[in-house]
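Chain residues, written in single-letter form:
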Amino acid sequence: MISVGKAMENLDKLLLENRGLIRATKGFMPPDEGRALAVSLFSCPIIKGIPAVEIGSYVGLSAIYLGIAARSQGRLLISVDHHHGSEENQAGWEFHDKSIVDPVSRKMDTLYLFRRTMELAGLSNSVIIVAADSQSYATVHAGPIAYLFIDGGHSHAQTFSDYDSWVPKLVDGGFLAIHDVFEDPELGGQAPYIIHQRASAEGFTEILAQGSLRVMRKGGAT
Ligand code: SAH
Ligand code: MG
């Protein structure tokens, strides 16, 4: 059996190998939080056949971190995004990138860029790309999940819907990671913070905090 120390050493090696790609990939995941994300998936119980799920792929920055951990553990990551961007990515908003607008449909389209990132990272067999609205896909994804990363639309309605549709699928002892958790409203929107509070009230135990990333375990047991 591989020790945790050894696994972490491997992780840092893999992250170093992908340093160039990580630097070149657009997105919203600082390196320290990305590493913490990968470490958290590493530490999450592996149950054969039960996947990890990411809500909010964008161009694949966080999926590089999660995918590297998933691949080295032989598990699958399902990454869900409709690939048309969140509210704040649309024209006229703070996080708009006009190079990501499809010239024909005139919509934001990150799908091919995400696929390219996974290809370049060698993660095509470890990351299942789901191009769908998170809530609709949740209605047909009937099975349990071991790990959930919520980083999709950050409006209250969308964040609460992601929580309501996906958290019930987490197995006991599974991990819930939430990005962009800001207690201070001056620093960022409150929706991720509200679901973080809700998870605490519903018996999740915090196991990791790095920047605005929070990772919690479902149930108190180790
Ligand atoms: N995790 C990414 C950032 C995600 S940005 C990174 O590390 O860089 C948020 C993403 O959520 C956007 O790509 C947007 O298209 C997606 N999104 C917003 N609302 C969604 C919804 N209802 N269903 C699926 N994806 C959604
Ligand atoms: Mg985020």
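A few points on the structure. In this text the structure is predicted, and so the values were computed from the model without any measurement.

A closer look at the packing of aromatic side chains
At step 1: Counted by the stated rule, this structure contains three aromatic pairs.
At step 2: Measuring from ring centre to ring centre gives 5.6 Å for F28 and F95, while their planes differ by 80°; the resulting arrangement is edge-to-face. Placement of F28 in the loop between α2 (19-24) and α3 (31-43) and of F95 in the loop between β2 (77-81) and α5 (111-120) is noted, with a sequence separation of 67 residues between them.
At step 3: Judged by its relative accessible area of 38%, F28 is partly exposed.
At step 4: Residue F95 is classed as partly exposed on the basis of its relative accessible area, which comes to 37%.
At step 5: Aromatic ring contacts, followed pair by pair, group F28, Y58 and F95 into a single cluster.

What about the pairing of strand β6 (residues 204-210)?
At step 1: Across six bridges, β6 lies against strand β7 (residues 213-218) in antiparallel orientation. For T205, the partnering residue across the bridge sits in β7 and is R217.
At step 2: Between β6 and β7, which follow one another and run antiparallel, lie two residues, and G211 among them has a positive phi close to 55°.

A closer look at the site of ligand 1
At step 1: Around ligand 1 lies a shell of 20 residues, among which G56, S62, D81, D133 and D151 are the nearest.
At step 2: Backbone polar atom of G56 to a nitrogen atom of ligand 1: 2.8 Å apart, as the coordinates give it.
At step 3: Protein contact buries 96% of the 590 Å² of open area that ligand 1 shows by itself.
At step 4: In terms of residue class, the shell around ligand 1 is built from five nonpolar, 12 polar and three charged.

Remarks on the coordination of the magnesium ion (ligand 2)
At step 1: The protein atoms donating to the magnesium ion (ligand 2) are D151 (OD), H179 (ND1) and D180 (OD), with metal-donor distances spanning 2.1 to 2.2 Å.
At step 2: Taken in chain order, the donor set of the magnesium ion (ligand 2) reads D-x27-H-D. Separated by 28 residues along the polypeptide, D151 in the loop between β4 (145-150) and α7 (156-166) and H179 in the loop between β5 (170-178) and α8 (191-201) bring together distant segments of the chain. For the residue pair D151 and H179, the accessibility class agrees, reading buried in each case.

Digging into α7
At step 1: Those residues of α7 that fall on the buried side of the exposure criterion are T159, S161, D162, Y163, S165 and W166.
At step 2: Each element contacted by the buried residues of α7 is listed here: β1 (52-55), α6 (134-140), β4, β5, α8 and β6.

Some thoughts on the nonpolar core
At step 1: Within the largest apolar cluster, 37 residues are counted, with the highest numbers of intra-cluster contacts made by L11, L37, Y147, F149 and L213.
At step 2: Secondary-structure elements contributing two or more residues to this core are α1 (4-17), α2, α3, α4 (61-73), α5, β4, β5 and β7.
At step 3: Top element by residues in this core is α4. It accounts for eight residues.
At step 4: With near-sequence residues (within four places) excluded, L213 lies in contact with E33, A36, L37, F149, A177, I178, H179 and L208.
At step 5: Grouped together as the second largest cluster of nonpolar side chains are 22 residues, I150, V167, L170 and I195 included.

Overview of the packing of α3 against α4
At step 1: In contact at an axis separation of 8 Å, α3 and α4 are set at 30° when each is read in the N-to-C sense. By the criterion of interaxial angle, the relationship of α3 to α4 is roughly parallel. Between α3 and α4 lies a crossing whose hand is right-handed. Within the contact between the two elements, α3 uses P31, G34, R35, L37, A38, L41 and F42 and α4 uses S62, Y65, L66, A69, A70, S72 and Q73.
At step 2: When the residues that make up the contact of α3 with α4 are grouped by side-chain class, the tally is nine nonpolar, four polar and one charged.

Thresholds applied
- Residues numbered from 1 in each chain as written.
- Chains lettered and ligands numbered in written order.
- Predicted model: local features only at pLDDT ≥ 70, side-chain atom pairs only at ≥ 80, totals over all residues.
- Heavy atoms only, no water.
- Phe/Tyr/Trp six-rings, centres within 6.5 Å; stacked < 30°, edge-to-face > 60°.
- Helix = DSSP H or I, 4+ residues; strand = E, 2+ residues; numbered from the N terminus.
- Buried < 20%, exposed > 50% of the residue type's maximum accessible area, 1.4 Å probe, protein only.
- Pairing = 2+ DSSP bridges.
- Near = heavy atom within 4 Å.
- Polar contact = N/O pair within 3.5 Å; in protein donor to acceptor, adjacent residues only side chain to side chain.
- Areas by Shrake-Rupley, 256 points an atom, 1.4 Å probe, with all protein chains shown as cover.
- Nonpolar A, V, L, I, M, F, W, Y, C, P; charged D, E, K, R; others polar.
- Donors = N, O, S within 2.8 Å, 3.2 Å for Na, K, Ca; no water.
- Contact = heavy atoms within 4.5 Å.
- Core = buried A, V, L, I, M, F, W, Y, C linked by side-chain atoms within 4.5 Å.
- Axes fitted to C-alpha atoms, helices over the stretch in contact; angles between N-to-C directions.
- Parallel < 35°, antiparallel > 145°, perpendicular 65-115°, else oblique.
- Left-handed = near helix turned anticlockwise from the far one by under 90°.

All we've got here are geometric facts, nothing functional implied.
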